[in-house]
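Per-entry structural report
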Amino acid sequence: MKILVVGSGGREHAIAWKLSQSKKVEKIFCAPGNGGIKEIAELVDIKSDDIPGLLDFAKKNKIDLTVVGPEAPLVKGIVDIFRKNGLKAFGPFKDVAMLEGSKVFSKNVMKRFSLATAGFKVFDNSLDAKKYLKETGVPIVIKADGLAAGKGVIIPKTIEEGLKAIDSIMVEKIFGDSGSKVIIEDCLDGEEASLLVFTDGKTIVPLESSQDHKRIFDSDKGPNTGGMGAYSPAPVVTKDIMEEAIKNVFRPVIDGLRKEGKIYKGVLYAGLMMTRKGPMVLEFNVRFGDPETQAILPRLKSDLADIMMACVDGTLDKIDVKWEKFYCISVVCASKGYPDEYEKNKEISGLKEAGEIKDIIVFHAGTKAENGKVLTSGGRVLGVTSLGKDIKSAKANAYKAIGRITFEGMQYRKDIGDKAIGR
Ligand code: AMP
Ligand code: GLY
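Now for a look at the structure at hand. Predicted, not measured: the structure shown is a model, and the values here were computed from it.

**Re helix α13 (residues 391-402)**
The first and last C-alpha atoms of α13 sit 16 Å apart over 12 residues, in line with the 16 Å expected at 1.5 Å per residue. Three or more residues of α13 are buried, namely I391, A394, K395, N397, A398, Y399, A401 and I402. Residues of α13 that are buried in the fold lie against β15 (229-232), β18 (327-334), α12 (351-355), β19 (360-364) and β22 (380-388).

What follows is the structure in structure tokens.
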């Protein structure tokens with residue numbers, strides 16, 4: 001099987017790494033990839049949202065399966081376009097990729113299928129949104145409708161901050177058309193977890209649970225990022241919560257959409273808040289999480305290529321998906337300045353020495369290989385990942401490996417795993 005992985009992050013490195021273990025996979029290409037993926041796949045210089053370019057490449061190279069990592073090409077309809085051209089791509093079609101592409105669409109789906117989620121109102125003009133905010137006060141959550149590279153959710157501390165956020169989104173249009181509408185929703189309180197499932201539109205197979213760490217600093221302080229580390233499994237997701245989420249979140253959505261003629265295939269990711277009233281849905285993503293994937297896929301025993309093909313072909317009921325018992329933790333090393341403007345082109349040393357430690361996998365995100373060196377090229381640079389018999393030993397081993405890695409301005413959280421230890 002020839003596979004094309006689309007994307008360039010730590011998530012795509014983990015996907016390509018897992019696929020490379022499949023006996024059925026003879027060759028992996030990755031567009032555009034990064035300095036680490038280069039070791040296991042042939043990099044192709046095509047951007048992840050250049051759908052005509054990717055289609056042309058996949059046709060010429062007779063790609064059997066294209067695996068789409070990020071949301072932007074999915075929301076643009078890459079899977080539909082590939083299918084029209086007789087090519088298989090893992091991921092949802094455009095009509096359901098809107099679960100991530102539009103928060104208004106997503107909240108309406110949640111409402112239609114009676115999911116537990118925060119109460120919300122939709123606004124298409126800033127004056128009404130501001131009037132409502134003044135009436136409700138804080139805490140409250142303001143969300144841009146469309147894609148905003150993970151920056152479209154604001155939880156203002158004061159009404160003034162909220163009014164400013166509405167102006168930035170709807171008047172200054174800092175996220176472009178993504179800010180034509182906003183959602184203002186109730187603020188939920190609790191611990192978050194990520195639940196992902198594989199589905200072919202009928203069969204649903206949960207992945208092991210995981211927990212991301214969104215804030216930049218220890219103890220969940222500072223601004224939100226794409227995610228600074230994750231571990232799997234997440235003890236906060238008990239067996240009961242997992243069963244409840246399948247029954248009351250994933251089943252109603254996937255079955256409900258199918259009854260409306262919309263078949264969801266691929267991975268569906270629900271961000272859940274464990275509130276006092278039980279798990280409530282914060283958001284849907286229509287792809288693997290980053291960095292959750294780096295902590296989940298090392299625990300997958302089964303062949304990822306088989307699972308992905310079965311999702312595309314509608315035969316997931318024939319696949320037995322098995323998981324390793326061990327724990328896995330992935331700690332993100334980021335560039336100085338991230339999540340704001342960050343430094344680039346810093347040489348990374350110690351990668352080989354870190355990788356030599358038992359049970360360590362160093363997934364690359366924002367890196368590039370140049371003249372025999374590995375340089376930083378993005379905000380999130382590496383996902384230093386460790387397996388372990390328990391979360392404590394996995395954590396200790398991951399931080400031991402980080403101790404061998406250096407680049408100027410490197411920052412990372414020191415508390416990934418702590419929430420799970422002793423639970
Ligand atoms: P989203 O892009 O919808 O995942 O939101 C990003 C982050 O904002 C989530 O991971 C939560 O930490 C936070 N968030 C989103 N919606 C809410 C809510 N209704 N209440 C509290 N926090 C929220
Ligand atoms: N880790 C959060 C996300 O992938 O959206």
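**Overview of the site of ligand 1**
Around ligand 1 sit 15 residues in total, of which E185, D186, L188, E192 and E283 are the nearest. In this structure, a nitrogen atom belonging to ligand 1 sits 2.9 Å away from a main-chain N or O atom of D186. With the chains in place, 90% of the 470 Å² that ligand 1 exposes on its own is no longer accessible. Those elements that provide at least two residues to the shell around ligand 1 are β7 (140-144), β9 (182-186) and β17 (278-285). Residue classes in the shell around ligand 1 are distributed as 8 nonpolar, no polar and 7 charged.

**Describing the site of ligand 2**
In the neighbourhood of ligand 2, the contacting residues comprise D212, G226, Y269, N285, R287, G289, D290, P291 and E292. For ligand 2, a nitrogen atom lies 2.9 Å from a polar atom in the backbone of D290. Out of a free accessible area of 200 Å², ligand 2 has 89% covered by protein chains. The residue makeup of the shell around ligand 2, split by class, is 2 nonpolar, 3 polar and 4 charged.

**Brief notes about the packing of aromatic side chains**
Under the counting rule described, the total for this entry stands at 7 aromatic pairs. Relative to F363, the ring of W17 lies with its centre 5.5 Å away and its plane at 80 degrees, an arrangement referred to as edge-to-face. Within this pair, whereas W17 is found in helix α1 (residues 10-19), its partner F363 is found in strand β19, the two being separated by 346 residues in sequence. The two residues W17 and F363 agree in class, both being buried. Between F123 and Y132, the ring centres sit 5.3 Å apart and the planes meet at 40 degrees, which makes this aromatic pair tilted. The burial state of F123 is the same as that of Y132; both residues are buried. An aromatic cluster of at least three residues, connected via ring pairs, comprises F90, F198 and F288. Above the ring of Y412, the side-chain terminus of K414 is found at 4.5 Å from the ring centroid.

**Remarks on the nonpolar core**
One finds L4, L99, V237, F250, L268, F284 and L382 to be the most contacted residues of the largest nonpolar core, which totals 76 residues. Ranked by residues supplied to this core, first place goes to helix α9 (residues 239-259) with 9 residues. Those residues within four positions of L4 in sequence are excluded, and the remaining contacts are F29, C30, A31, L54, F57, A58, I63, L65, T66 and V67.

**Comments concerning the packing of helix α7 (residues 126-136) against helix α8 (residues 159-171)**
At a minimum axis separation of 10 Å, α7 and α8 run at an interaxial angle of 165 degrees. Relative to α8, the element α7 is oriented roughly antiparallel. As α7 packs across α8, the resulting crossing turns out to be right-handed. Touching S126, A129, K130, L133 and K134 of α7 are I159, G162, L163, I166, D167, M170 and V171, all from α8.

**A short note on the state of the cysteines**
Within the structure shown, the criterion is met by 0 disulfides. Between C30, a free cysteine, and C311, which holds the nearest cysteine sulfur, the sulfur-to-sulfur gap is 20 Å. Here C333 is not disulfide-linked; the sulfur of C328 is the nearest cysteine sulfur, at 14 Å.

**Examining the sheet that holds strand β6 (residues 120-123)**
Read across the open sheet, the 4 strands follow the order β6-β9-β7-β8; overall the sheet is antiparallel. Because the sheet does not close on itself, it has two edges, and the strands there are β6 and β8 (153-154). Across 4 bridges, the pairing between β6 and β9 is antiparallel. By the bridge assignment, K121 is partnered in β9 with I184. In the packing of α7 onto the sheet, contacts are made with β6, β7 and β9, and the angle to β6 comes to roughly 150 degrees. α8 rests against β6, β7, β8 and β9 of the sheet, and its axis sits at about 10 degrees to β7.

**Side note on the pattern of salt bridges**
Per the counting criterion, the structure on display carries 32 salt bridges. Across the pair K88 and D313 runs a salt bridge whose closest N-O atoms are separated by 2.9 Å. Of this pair, K88 sits in the loop between α4 (78-84) and β5 (89-90) while D313 is found in helix α11 (residues 304-313), placing the two residues 225 residues apart along the sequence. Given the relative accessible area of 40%, D313 is considered partly exposed. Salt bridges linked by common partners bring D220, R413, D415 and K419 together as one network.

**Concerning the side chain of S210**
Take S210: it is sitting in the loop between β11 (204-206) and β12 (211-212). Once residues lying within four places of it in the same chain are set aside, the contact partners of S210 are A193, S194, Y231, S232, A234, E292 and I296.

**Section: the pairing of strand β1 (residues 2-7)**
Among the 6 residues in β1, 5 count as buried, and that is most of the element. Pairing of β1 with strand β2 (residues 27-32), which is carried by 6 bridges, proceeds in the parallel orientation. By the bridge assignment, G7 is partnered in β2 with P32. Assessed by its sense of winding, the connection that carries the chain from β1 through α1 to β2 is right-handed.

About the thresholds
Every chain begins its residue count from 1, and numbering advances along the sequence as written. Lettering of chains starts at A and numbering of ligands starts at 1, both following the order in which they are written. Local features in this predicted model are restricted to residues of pLDDT 70 or higher, and side-chain atom pairs are both shown and tallied only at a pLDDT of 80 or more, whereas totals for entire chains, interfaces and linings draw on every residue. Side-chain descriptors were evaluated using all non-hydrogen atoms of the structure, hydrogens and water having been removed beforehand. Helix and strand definitions here come from DSSP, where helices need a minimum of 4 consecutive H or I residues and strands a minimum of 2 consecutive E residues; each element is numbered from the N-terminal end. Multiply 1.5 Å by the residue count of a helix minus one, and that product is the helix's expected span. Each residue gets one of three labels from its accessible area relative to the maximum for its type: buried under 20%, exposed over 50%, partly exposed in between, using a 1.4 Å probe on protein chains only. Any two residues whose heavy atoms approach within 4.5 Å are treated as being in contact. What makes a residue near a molecule or strand is one non-hydrogen atom of that residue sitting within 4 Å of it. We call two N or O atoms a polar contact when they sit within 3.5 Å, provided that within protein one can donate a hydrogen and the other can accept it, with sequence-adjacent residues counted only if both atoms are side-chain atoms. Throughout, the Shrake-Rupley method with a 1.4 Å probe supplies accessible areas, and for residues the shown protein chains are the sole cover considered. Gly counts as polar in this scheme, as do all residues outside two lists: the nonpolar Ala, Val, Leu, Ile, Met, Phe, Trp, Tyr, Cys and Pro, and the charged Asp, Glu, Lys and Arg. For Phe, Tyr and Trp, where Trp contributes only its six-membered ring, two rings pair if their centres lie within 6.5 Å, and the inter-plane angle classes them as stacked under 30 degrees, edge-to-face over 60, or tilted in between. For a ring to carry a charge above it, either NZ of a lysine or CZ of an arginine must fall within 6 Å of the ring centroid while also lying within 35 degrees of the normal to the ring plane. To define a nonpolar core, start from buried Ala, Val, Leu, Ile, Met, Phe, Trp, Tyr and Cys residues and group those joined through side-chain atoms within 4.5 Å. Here an axis means a line fitted to C-alpha atoms, over the contact stretch when the element is a helix, while the angle between two N-to-C directions is reported on a 0 to 180 degree scale. Any angle between 65 and 115 degrees counts as roughly perpendicular, while under 35 counts as roughly parallel, over 145 as roughly antiparallel, and the rest as oblique. Rotating anticlockwise by less than a right angle from the far helix to the near helix defines a left-handed crossing, while the corresponding clockwise rotation defines a right-handed one. Pairs of cysteine sulfur atoms within 2.5 Å are what we label disulfides. Only when DSSP finds a minimum of two bridges between them are two strands counted as paired. Take a side-chain nitrogen of Lys or Arg and a carboxyl oxygen of Asp or Glu: if they are within 4 Å of each other, that pair is a salt bridge. When the strands point away from the viewer, a crossover counts as right-handed if the route from the first strand across the helix to the second turns clockwise.

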